[in-house]
Every structure is written in C-alpha cells, then in structure tokens.
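Structural overview for review
Now for the letters of each chain:
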Amino acid sequence: QVQLVESGGGLVQAGGSLRLSCAASGRTFSTYAMGWFRQAPGKEREFVAAISRGGGSTYYADSVKGRFTISRDNAKNTVNLQMNSLKPEDTAVYYCAATTTIPVTNKRSYDYWGQGTQVSVSS
C-alpha cells in the first residue's frame, strides 16, 4: 500500500514556473514507477510525465516535453515535477500516481493516486 500527498500547486502567470512535489508513505517506494497526470474541468484525466523505479527513464506527453521535468528521490520517497514556461492550457488539477505495471503512460496502469493539487495559469 502506498499513500501519496501532492503539494506545490498554485496560481502563476503565463511563462512562470511551479514545482510540484509528491510525498509517498511506505518502505516500498522504489518498487513503483511514478507518474503525474492532470485533469482540467470537463476533460479526461491525461498523462503528463512518468519516471521509472530507479529514475533512469523518463516519459513525457508531447504537450509538456521541453518544459516539464520529472525527477525522484528514492531516499526521501518523493517525486517532483518542475514546470517551466507555463501556459494557460496547463491549468488543471495535477495528480501523482504509483504503478507496478506498464505502460506508464496509461492511467489505467496506476494503482495508487494522490488527492491532487490545483495549478492555475493566468494569461
């Protein structure tokens, strides 16, 4: 069992940056690949980024590639999402999730989810 708690959301102007963090409970964090997803009002939850168990492989949605960076610290049981050059279309609730299956880009692969953190980008 893994419990996930996100933090770091907020309101930022277009072009600005935010850093989201996800803290995981339990001693098995390093056995999970981790992902970030987002859901805007009236839209499906969509994949944003994912990172392998050891951190050696990362995956990004085309819409955020080059602007967002996912990282993890297995010693601290945390996964982060650095978001730069934010756009109004990045506005959504962002969720951290954990999985032991593939593909890591598919939300249906994920077993555990955080409660989400709101990111709002003004134009």
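Here we summarise the structure given alongside this text. Given the structure is predicted, the values throughout are model-derived calculations rather than measurements.

Once that is clear, we can look at the environment of Y94. Tracing the chain through its elements places Y94 in strand 9 (residues 92-99). The exposure class of Y94 is buried, given its relative accessible area of 0%. Distance in space between the C-alpha atoms of Y94 and L81 is 9.9 Å, their sequence separation being 13 residues. Discounting residues that sit within four places of it in the chain, Y94 has contacts with E6, L20, W36, F37, R38, V48, F68, L81, M83, G116, T117 and V119.

It is worth spelling out the side chain of T99 at this point. Inspection of the secondary structure puts T99 in strand 9. From its side chain, T99 meets the backbone nitrogen of T101 in a polar contact 2.9 Å long. Separated by 2.6 Å, the side chain of T99 and the backbone oxygen of S109 make a polar contact. Not counting residues within four places of it along the chain, the set of residues in contact with T99 comprises T31, Y32, A33, V104, S109, Y110 and D111.

Here we take up the side chain of R72. Structurally, R72 can be placed in strand 7 (residues 68-73). Notably, R72 is buried but unbridged: the nearest opposite-charge side chain belongs to D73, and the N-O separation is 8.2 Å. For R72, the side chain forms a polar contact with the main-chain oxygen of Y32, separated by 2.8 Å. There is a polar contact of 3.4 Å between the side chain of R72 and the backbone oxygen of R53. Excluding anything up to four places from it in sequence, R72 contacts F29, S30, Y32, A33, M34, I51, S52, R53, G55, T78 and V79.

In this section: the environment of Y112. With respect to the helices, strands and loops of the structure, Y112 is situated in strand 10 (residues 112-113). Residues Y112 and G55, 57 residues apart in the sequence, show an inter-C-alpha distance of 18 Å. Setting aside chain neighbours within four positions, we find Y112 in contact with Q1, V2, L4, Y32, C96, A97 and A98.

So, how was this worked out
Residues numbered from 1 in each chain as written. Predicted model: local features only at pLDDT ≥ 70, side-chain atom pairs only at ≥ 80, totals over all residues. Heavy atoms only, no water. Helix = DSSP H or I, 4+ residues; strand = E, 2+ residues; numbered from the N terminus. Buried < 20%, exposed > 50% of the residue type's maximum accessible area, 1.4 Å probe, protein only. Contact = heavy atoms within 4.5 Å. Polar contact = N/O pair within 3.5 Å; in protein donor to acceptor, adjacent residues only side chain to side chain. Lys, Arg positive; Asp, Glu negative; His and termini not counted. Salt bridge = Lys/Arg side-chain N within 4 Å of Asp/Glu carboxyl O.

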